[in-house]
Structures are given as C-alpha cells and as structure tokens.
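# Structural overview
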Amino acid sequence: APRALLFGSGFLANLAVVQALLGDDDLCVQDRLNHASLIDAARLAGCRLRRYPHGDAEGALRQLRATPDVAAMVVTDGVFSMDGDVAPLRDLAVLSRSQDALLYVDDAHGVGVIGPEGRGSVAQANLKHTEVPLLLAPMGKAFGGQGALLFGSDALISHVQETARPYLFS
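Before going into details, it helps to say that this report is about the structure given with it. On a predicted model such as this, the values are computed, not experimentally measured, just so you know.

Parameters at a glance
Residues numbered from 1 in each chain as written. Predicted model: local features only at pLDDT ≥ 70, side-chain atom pairs only at ≥ 80, totals over all residues. Heavy atoms only, no water. Core = buried A, V, L, I, M, F, W, Y, C linked by side-chain atoms within 4.5 Å. Buried < 20%, exposed > 50% of the residue type's maximum accessible area, 1.4 Å probe, protein only. Helix = DSSP H or I, 4+ residues; strand = E, 2+ residues; numbered from the N terminus. Phe/Tyr/Trp six-rings, centres within 6.5 Å; stacked < 30°, edge-to-face > 60°. Axes fitted to C-alpha atoms, helices over the stretch in contact; angles between N-to-C directions. Parallel < 35°, antiparallel > 145°, perpendicular 65-115°, else oblique. Contact = heavy atoms within 4.5 Å. Nonpolar A, V, L, I, M, F, W, Y, C, P; charged D, E, K, R; others polar. Expected span 1.5 Å × (residues − 1). Left-handed = near helix turned anticlockwise from the far one by under 90°.

## Observations regarding the nonpolar core
One finds Leu21, Met73, Tyr104, Leu134, Leu150 and Val160 to be the most contacted residues of the largest nonpolar core, which totals 30 residues. If you list the elements that add at least two residues to this core, you get β1 (3-7), α1 (10-21), α2 (36-45), β4 (72-77), β5 (102-106), β6 (134-138), β7 (148-152) and α6 (154-163). Membership of the second largest hydrophobic core comes to 23 residues, among which are Val29, Ala87, Leu103 and Leu127.

Okay, here's the thing in structure tokens:
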C-alpha cells in the first residue's frame with residue numbers, strides 16, 4: 001500500500017477509521033460476526049449500521065442496495081476470531097466497487113498466520129490495495145507486539161490522520 005498509519009491498538013484504529021469516514025447519514029455494512037470494536041466504531045460514528053448474515057456477500061449487497069445514494073463502507077474481519085473462517089473477500093471487493101462503497105478489512109487474525117509469507121487474508125485472496133482500500137494489521141496477535149498499522153492510499157490515510165479523534169487525541 002502507498003501509506004500506513006500507526007495506532008496504539010487495533011480497537012483504537014477501528015474507532016478512528018469509521019468515525020473519520022462515516023457520519024450521521026452514512027451507511028456501515030458489517031458481517032454479523034465482526035469483532036466488537038468494529039460494531040462499536042459504527043455505533044460511535046453515528047452512522048446507520050446494517051449487519052448481514054455471516055459470510056454472506058449477497059446479504060451485504062442487499063444492505064447496500066437498500067440504502068443507495070449515501071456514503072457507504074463495507075467492513076469485515078479478514079479471519080473471524082471465534083470460528084477461524086475467512087471472509088469472502090473477493091466477493092466483497094467486487095460488490096463494494098460495484099456499489100461505490102469503501103471496503104475496510106480488519107485482518108487481526110489473518111496477518112502473520114495465513115496467505116503467502118503470512119501476509120494475511122487479503123493476500124491469500126490475491127487482492128491488491130486498490131481492491132481493499134483500507135486494511136488493518138494489528139501487531140498484538142501473531143507479531144507479539146503492540147499497536148496496529150492501517151494501510152491505504154495517501155488520500156485515505158491523510159484524511160484519517162487529520163480527522164480521526166481517536167488518532168488526534170491519543
């Protein structure tokens with residue numbers, strides 16, 4: 001990815017990303033089994049949170065189509081912590097692009113574990129940063145460190161850096 005931003009934790013990064021990019025009239029579409037930090041992020045951002053059945057890309061598409069003409073983000077874990085299954089990332093990337101929605105993947109349980117050279121679920125799905133505009137790689141799981149790296153384009157990372165309260169005030 002062109003740029004990265006370091007956060008104190010993955011939880012903090014999730015709060016920052018959603019709050020920086022979505023507001024009251026916007027839509028956040030999430031897998032029903034997403035991590036609590038992603039659900040809390042949407043609730044705190046004040047956007048409309050819609051959850052689709054676990055692993056159901058068609059369900060995500062239905063949620064996006066039900067609320068057209070708003071800023072929208074599809075948010076998913078890359079690997080789900082309770083079951084260890086992988087999100088349908090290729091399908092989510094295609095439908096996000098077709099619906100003009102931003103795709104954000106939290107790969108806390110994929111990076112360092114799956115994919116070529118442990119690069120995670122996005123790499124395993126053979127997706128590029130242009131297909132997954134925002135990717136979170138927490139350092140506290142497989143890497144045994146602290147913090148989290150948010151990867152994205154210069155424009156997206158700059159926007160988060162300049163507007164996300166959890167980043168600015170920590």
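## Considerations on the packing of aromatic side chains
As enumerated under the stated definition, the model contains one aromatic pair in all. With a centroid separation of 5.4 Å and 70° between ring planes, the pair formed by Phe7 and Tyr167 is classed as edge-to-face. In this pair, Phe7 sits in strand β1 while Tyr167 sits in helix α7 (residues 165-168), placing the two residues 160 residues apart along the sequence. The exposure class assigned to Tyr167 is partly exposed, which follows from its relative accessible area of 24%.

## Observations concerning the packing of α1 against α6
Closest axis-to-axis distance for the α1/α6 pair is 9 Å, and the angle between their directions is 100°. As judged from the angle between their axes, α1 and α6 are roughly perpendicular. Together, Gln19, Ala20 and Leu21 of α1 and Leu156, His159, Val160 and Thr163 of α6 make up the contact between the two elements. A class-by-class count of the residues in the contact of α1 with α6 yields four nonpolar, three polar and no charged.

## Topic: α1
A rise of 1.5 Å per residue sets the reference length of α1, with its 12 residues, at 16 Å; its end C-alpha atoms lie 17 Å apart and thus fit the reference within 8%. Taken across its 12 residues, α1 has nine buried, putting it largely inside the fold. Among all positions in α1, only Gly10, Ala13, Asn14, Leu15, Ala16, Val17, Val18, Ala20 and Leu21 are buried.

## Topic: the packing of α1 against α2
Two numbers describe how α1 lies on α2: the axes approach to 8 Å, and their chain directions differ by 35°. As for the relative orientation of α1 and α2, their crossing is right-handed in sense. Judged by residue contacts, Phe11, Asn14, Leu15, Val18 and Gln19 of α1 engage Ser37, Leu38, Asp40, Ala41, Ala42, Leu44 and Ala45 from α2. Along the lines of polarity and charge, the residues of the contact of α1 with α2 split into eight nonpolar, three polar and one charged.

Don't take any of this as a statement about function, it's just geometry.
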